[in-house]
Amino acid sequence: MKQIRVVKTAQTTVSTSGTNLVEVHKVAEQARMNRLQVIEGALTVENQLNGVILHYFFGTSHERRVAFESLVLNSDWCSFAAKRKLITHIINEGNLLEGRDKSDFDKLMRDVMSVRNAFAHGNLSSNEKQAWLSFFEGRPRKEELTDEYLTNIEEMLRVAFFKTLELAQKIGAMKLAENTKEA
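Keep in mind that this is a model prediction, so the values were computed, not measured.

A.B. asks: Looking at this structure, how should I read the packing of helix 3 (residues 80-94) against helix 4 (residues 99-121)?
C.D. replies: Working note: a packed helix pair is described by the angle between its axes plus the distance between those axes. Between helix 3 and helix 4, the least distance of the axes is 11 Å, while the angle of their chain directions is 170°. Judged by the angle between their axes, helix 3 and helix 4 are roughly antiparallel. Contact with helix 3, carried on its side by Phe80, Ala81, Arg84, Ile87, Thr88, Ile91 and Asn92, involves Lys102, Phe105, Asp106, Met109, Arg110, Val112, Met113 and Arg116 of helix 4 and no other residues of that element.

A.B. asks: Would you take a moment to explain the packing of aromatic side chains for this structure?
C.D. replies: Aromatic ring pairs: the centre-centre distance and the angle between the two ring planes describe each pair. Applying the stated criterion to the full structure yields four aromatic pairs. Ring centres 5.1 Å apart and planes at 65° place the aromatic pair phenylalanine 58 and phenylalanine 68 in the edge-to-face group. You can see phenylalanine 58 sitting in helix 1 (residues 21-58) and its partner phenylalanine 68 sitting in helix 2 (residues 65-73), a full ten residues away along the chain. Centroid distance phenylalanine 161 to phenylalanine 162: 5.1 Å. Interplanar angle 75°. Geometry classified as edge-to-face. Put simply, the rings of Tyr56, Phe57, Phe58 and Phe68 touch in pairs and so form one group of aromatic residues. Looking at lysine 142, its charged tip hangs above the ring of tryptophan 132, at a distance of 5.2 Å from the centre.

A.B. asks: Could you clarify how one ought to interpret the nonpolar core in this entry?
C.D. replies: As a rule of thumb, soluble globular proteins bury nonpolar side chains together. Counting residues in each nonpolar core, the largest one holds 40 residues, and the members touching the most others are Ile87, Phe105, Met109, Val112, Phe119 and Leu145. Contributing elements (two or more residues each) for this core: helix 1, helix 3, helix 4, strand 3 (131-136) and helix 5 (147-171). The greatest single-element share of this core, amounting to ten residues, is contributed by helix 1. For methionine 109, the contacting residues outside a window of four places in its chain are Val45, Leu49, Phe80, Arg84, Ala160 and Thr164.

The rules behind these values
- Residues numbered from 1 in each chain as written.
- Predicted model: local features only at pLDDT ≥ 70, side-chain atom pairs only at ≥ 80, totals over all residues.
- Heavy atoms only, no water.
- Axes fitted to C-alpha atoms, helices over the stretch in contact; angles between N-to-C directions.
- Helix = DSSP H or I, 4+ residues; strand = E, 2+ residues; numbered from the N terminus.
- Parallel < 35°, antiparallel > 145°, perpendicular 65-115°, else oblique.
- Contact = heavy atoms within 4.5 Å.
- Phe/Tyr/Trp six-rings, centres within 6.5 Å; stacked < 30°, edge-to-face > 60°.
- Lys NZ or Arg CZ within 6 Å of the ring centre and 35° of its normal.
- Core = buried A, V, L, I, M, F, W, Y, C linked by side-chain atoms within 4.5 Å.
- Buried < 20%, exposed > 50% of the residue type's maximum accessible area, 1.4 Å probe, protein only.

Nothing here speaks to function; it is geometry throughout.
See the structure below:
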């Protein structure tokens, strides 16, 4: 399969003592690759939510399931936030989560949405050693993409995936082999 090439913008911080543009490019490229990983991880969580929603409304088989998925869930007007509201309704109606588990799950989904939006719509900038993500969330923000920051995001997306997988299992949307949870 062809790997497409597109024009990419870059903001580089230069110093008066000189800047090694090869090193800047390496840092910027790694930041872009991490951006793609965050977006892909968030999409995976969103797809899990789609599966729960589909199962809630249609069970395992229904003639309009595919149409609903393509016309509603995959449409631009059915946002992650809208899916969160549907999931909250499903959780409440089915008593699938209670108390702290329910509030923790909702916070986790808000965090996934927030990080996805920041990486999808934010601007990356870098110098020879560091990269930053600038985005707006209530106010302008700028986060340095440190190993610690990225590790926290990686862990949050991993937890979100497994929590949505557990939710899908609880509602009966999927059965899981015992060894899959070890991933």
